[in-house]
Amino acid sequence: MDYKGTLNLPKTDFPMKANLAKREPEILKEWEEKDLYSKIKSATRNREKFILHDGPPYANGHIHLGTALNKILKDIIIKSKTMAGFRSDYLPGWDCHGLPIEHQVDKELGAKKQSVSTLEKRKLCREYASKFIDIQREEFKRLGVLGEWEHPYLTINNSYAATIVREFGKFVSTNSIYKRKKPIQWCASCKTALAEAEVEYQDSSSPSIYVKFPLLSDISEVVPSLKGKKVFVIIWTTTPWTIPANLAICFHPDFTYAAVEVKDEVYIIAEGLLLRILAELEIDKYQILDTFSGSTLEGLKCRHPFINRESLLILGNHVTLEAGTGCVHTAPGHGQEDYEVGLRYNLDIYTPVDDDGKFTQEVDFFAGEFVFKANKALNQKLKEVNALLREETITHSYPHCWRCKNPIIFRATEQWFISMDQNHLRERALKEIMKVEWIPHWGRDRIYNMVEKRPDWCISRQRGWGIPIPIFYCKQCQHTIADQKIIEYVADQFEQSGADLWFSEDAKNLLPPNTCCPKCKAKEFDREKDILDVWFDSGVSYAAVLEKNENLAYPADMYLEGSDQHRGWFHSSLLTSVETRNQAPYKSVLTHGFVVDGKGEKMAKSKGNVIAPEKVIRAYGVDVLRLWVASEDYREDIRISDEILKRLSESYRKIRNTCRFLLGNLHDFDPNQKVDYQNLEEIDRWALHQLYHLTARVMKAYASYGFHTIYHLLHNFCVTDMSAIYLDILKDKLYCSAADTNQRKASQTTLFHILTALVKLMAPILPFTAEELWRYLPPDGEREDSVHLSGFPQLDQIYSDTQLHEKWQRLFQTRDLVLKVLEEKRAEKIIGNSLEAEVNLEAPDKLFLFLKDCQDILEDLFIVSKVTISKASSGEDLSLEDSLDILKVDVVRTPAKKCERCWKYSDTVGKEQDHPTICYRCAQVVKRQQLTHET
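Remember, it's a predicted structure, so these values are computed and weren't measured experimentally. (Residues numbered from 1 in each chain as written. Predicted model: local features only at pLDDT ≥ 70, side-chain atom pairs only at ≥ 80, totals over all residues. Heavy atoms only, no water.)

Trainee: Please provide a residue-by-residue account of the overall build of the protein, values included.
Mentor: When helices and strands are counted, the protein shows 29 helices and 32 strands. Structurally, the protein occupies a C-alpha span of about 125 × 75 × 45 Å along its principal axes. Buried positions account for 58% of the 935 residues belonging to the protein. For the protein, restricting intrachain contacts to residue pairs at least 6 apart in sequence, the fraction spanning at least 24 positions comes to 78%. By element, 46% of the accessible surface of the protein is carried by carbon and sulfur atoms, the whole surface being about 40600 Å². For the protein, the distance from the average position of its 124 positive side-chain charges to the average position of its 135 negative side-chain charges is 3 Å. (Helix = DSSP H or I, 4+ residues; strand = E, 2+ residues; numbered from the N terminus. Buried < 20%, exposed > 50% of the residue type's maximum accessible area, 1.4 Å probe, protein only. Contact = heavy atoms within 4.5 Å. Areas by Shrake-Rupley, 256 points an atom, 1.4 Å probe, with all protein chains shown as cover. Lys, Arg positive; Asp, Glu negative; His and termini not counted. Charge placed at Lys NZ, Arg CZ, Asp CG, Glu CD.)

Trainee: Give a detailed account of the packing of aromatic side chains, specifying residues and quantitative values.
Mentor: Under the defined criterion, the tally for this structure stands at 37 aromatic pairs. Ring geometry for F306 and F365: centres 6.0 Å apart, planes at 70°, overall edge-to-face. Of the two residues, F306 is situated in the loop between strand 12 (301-303) and strand 13 (310-315) and F365 in the loop between helix 8 (336-344) and helix 9 (375-384); the sequence distance between them amounts to 59 residues. Judged by relative accessible area, F306 falls into the buried class, the value being 11%. (Phe/Tyr/Trp six-rings, centres within 6.5 Å; stacked < 30°, edge-to-face > 60°.)

Trainee: Go over the side chain of T242, please, and point to the residues and values.
Mentor: Among the structural elements, T242 can be located in the loop between strand 7 (230-237) and strand 8 (248-251). Every residue in contact with T242, bar those within four places of it in the chain, is listed here: T237, H329, A331 and H334.

Trainee: Explain the sheet that holds strand 18 (residues 457-458) to me, and be specific about the residues and the numbers.
Mentor: Pairing in this open sheet of four strands is antiparallel, and the strands run 5-4-16-18 from one edge to the other. This sheet does not close on itself; its edge strands, each paired only once, are strand 5 (192-194) and strand 18. Relative to strand 5, strand 4 (residues 177-187) runs antiparallel, the two being bridged by three bridges. Each bridged residue has a counterpart across the sheet, and for Q185 the counterpart in strand 5 is L194. (Pairing = 2+ DSSP bridges.)

Trainee: So what's going on with the side chain of K121? Which residues, and what values?
Mentor: By secondary structure assignment, the location of K121 is in helix 5 (residues 118-142). Each residue touching K121, except ones within four places of it in the same chain, is listed here: E102, V105, D106, L109 and V116.

Trainee: Lay out the packing of helix 19 (residues 622-631) against helix 22 (residues 707-736) in plain terms, naming residues and giving numbers.
Mentor: Axis separation between helix 19 and helix 22 bottoms out at 6 Å; the angle between their running directions is 115°. Put simply, helix 19 runs roughly perpendicular to helix 22. Every residue of helix 22 that contacts helix 19 at L627, A630 and S631 is listed here: F707, H708, Y711 and H712. Residues of the contact of helix 19 with helix 22, tallied by class, amount to four nonpolar, three polar and no charged. (Axes fitted to C-alpha atoms, helices over the stretch in contact; angles between N-to-C directions. Parallel < 35°, antiparallel > 145°, perpendicular 65-115°, else oblique. Nonpolar A, V, L, I, M, F, W, Y, C, P; charged D, E, K, R; others polar.)

Trainee: Explain the pattern of salt bridges residue by residue, including any values.
Mentor: A side chain of one charge can pair with a side chain of the opposite charge if their charged atoms are brought near each other. Applying the stated criterion across every chain, the model contains 69 salt bridges. We note a salt bridge from D500 to R122, for which the minimum N-O separation is 2.6 Å. You can see D500 sitting in the loop between helix 12 (484-497) and helix 13 (501-504) and its partner R122 sitting in helix 5, a full 378 residues away along the chain. Pair check on accessibility: D500 and R122 agree, each one buried. (Salt bridge = Lys/Arg side-chain N within 4 Å of Asp/Glu carboxyl O.)

What follows is the structure, given as structure tokens:
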């Protein structure tokens, strides 16, 4: 007789092969057809809110792995918060203005960009942004991200544009806005000012030079020992191109400076740097004539090396002894510290460099030359006038434009600024930072230091694609009209007709009727040509989105972006919200690192190490990509490679196959006939104890955003607690017992609880696999249509049985010792399969009694055919734990016959005349099946 048909073998249509790349789009289609997101919103509408506010990505290209990481992290949090009992609506958005988009449009226009009008350029930018909104929307949806995709927030929407203008008006009303000529970060390629967040630092080679400035004043009046000497102040710089703009040399008032005679010249250098500099200048013969404090030199004058102009000697506490000479070349038009010290001494904010980064006509010798290219000629000029002491090339970190990747310059221009100190904005922002939860914690210090040290915010840009700065100028007297009521009037027009009005209408049509200049009463006006910094656009998203949508909330519970946003979106949102609402717009901020390759190197097309999300999805499916996101510690840079993905794919397969095994053994289970906890077997109650604490740990990890912890918990539970222990022990009972026995139903009840909980716990991370499994669960009239409409498992406290757990831990310790010996006997060819073995245990008194009490489960626990226990002659006083150290395990090959049905070896095989090849237990099961079949 073929006994295979009498076994309760696993049966399920749930496929072993995931085939995620094909199956996931089918599930997505079903979600859309059922409008799953709307059902989630409806089911959660009366709950406490948890709002994660989406930082808007630029609509200027396909998503990359960093974007995918960001959106998946957000989706995991939103799904987990929803399943934890919150209302967590997700409203995605896009940042549609700014240089990234305009830059792409310029590239497509090529030479035509010079002749295209601002209005036409704006139209092309809007079309470009709209195209990529649609592209990215589908790419984000493919990642399994649920949200309000058909009604996102867009910074190009009229209502959003109007909100930007109104928020700007609030700054005007508090006198926080001003216009001034100040040094800012300028990109000569993009021809615009840049914000801190639009600058990235790269290693760059620069000329490093030491230059002599001859002293004009009679220094002997303050340092008599230098009377009659040719005295020079020595400066050091890595930007020779700023020498034409030099107006001063700055000394620290408290540093000691030395006058060093070299041949017939005297050099003034900070005493603390003297030996190092003399060594660099290769000067070994010198004499220190005198030393004096920096304050001694204040007010003296040098002569510019090659321009007929004086250079004033001034004092400043920003001078350090970390590099240079302690005598700082000062060009107030080319640096923030130079600018600030220049104001104190009433120096001109002199910037002889145009928008293209070229010297203007007022610069002798170098007019029309691009500043960086002029470095070589400048150094040659310094040589000609005998002012260059040393020249070399150094590599150092230098700011570059994040868009065009070219090095920037510091250049004073007329710009609009938000004052950090006018209304104590800096101080208030720093206080709010301390109230926010920063994840990871170092984020607080990072943004605190940035705000503490940052200059005033330059908010004007010399571009066309953005929200115009709603300021007017009187044509007759040039008076600036920055009035909140007028700004509100402009905002109302933008809300109705869009921001293009600023560029299409006459200025008078943008103003309220009968507006006149408050100073000269004239009625003809010009408008501001600059647009607002796009970081102001996205920075007021809380006003345009959170405060205007009743389903959302201000402040948000969380902002989540990459760590670069400490100086970007987190920063601009903080400043705008604190200024206008006196609080941070977020309660917590979570940041993640950048995606790097398997070696930890930054991804770049030139390196050939870029991996597109689409490629990963085609090869492995989205759920494996999401598993990668969850498995990595996002607080650091996140590595990805084919090797990492293959390893995660294998981990995914183990989780999936564990769930498939559970499903297969529930094919004949009716959830309405679940066995009560009290009637479960010990091994089943142990499994529920493990499940209870798994659930508690996973829920805690979701609440603290420790997703890599969840990955390891779920993986280890499936591979170790389930596959290697519980399910391995359970197979004989599940397969070989009669289908309707209480013991088998008890185990099936446990399997059902475990699988249902597992599916729920994995759902935020593996939404497609969880949804697929959900559909194969045994029918239950109470189950929701989708796992994403369900909540996390609520397990009964009764499942946590510490005493039982400790008992089974001792049993598993014994099992480990037995398995070790079984493996040794297998290696010696004494046994093959463990069922061929008989195990003899010789245990000390307490352990003997413990094992004797568990005798009936040991065969299944060790997966052997027979276990005998005898008492050892020693060790009576040992504890159970210590007894394990002297437990003797002996394994022999059983002489019994193998049962064809259960494969165990038993003395009862052949005792049943009708079934001579199977054991007594199996024979009784088969007879029962035959009897049931006949009736």
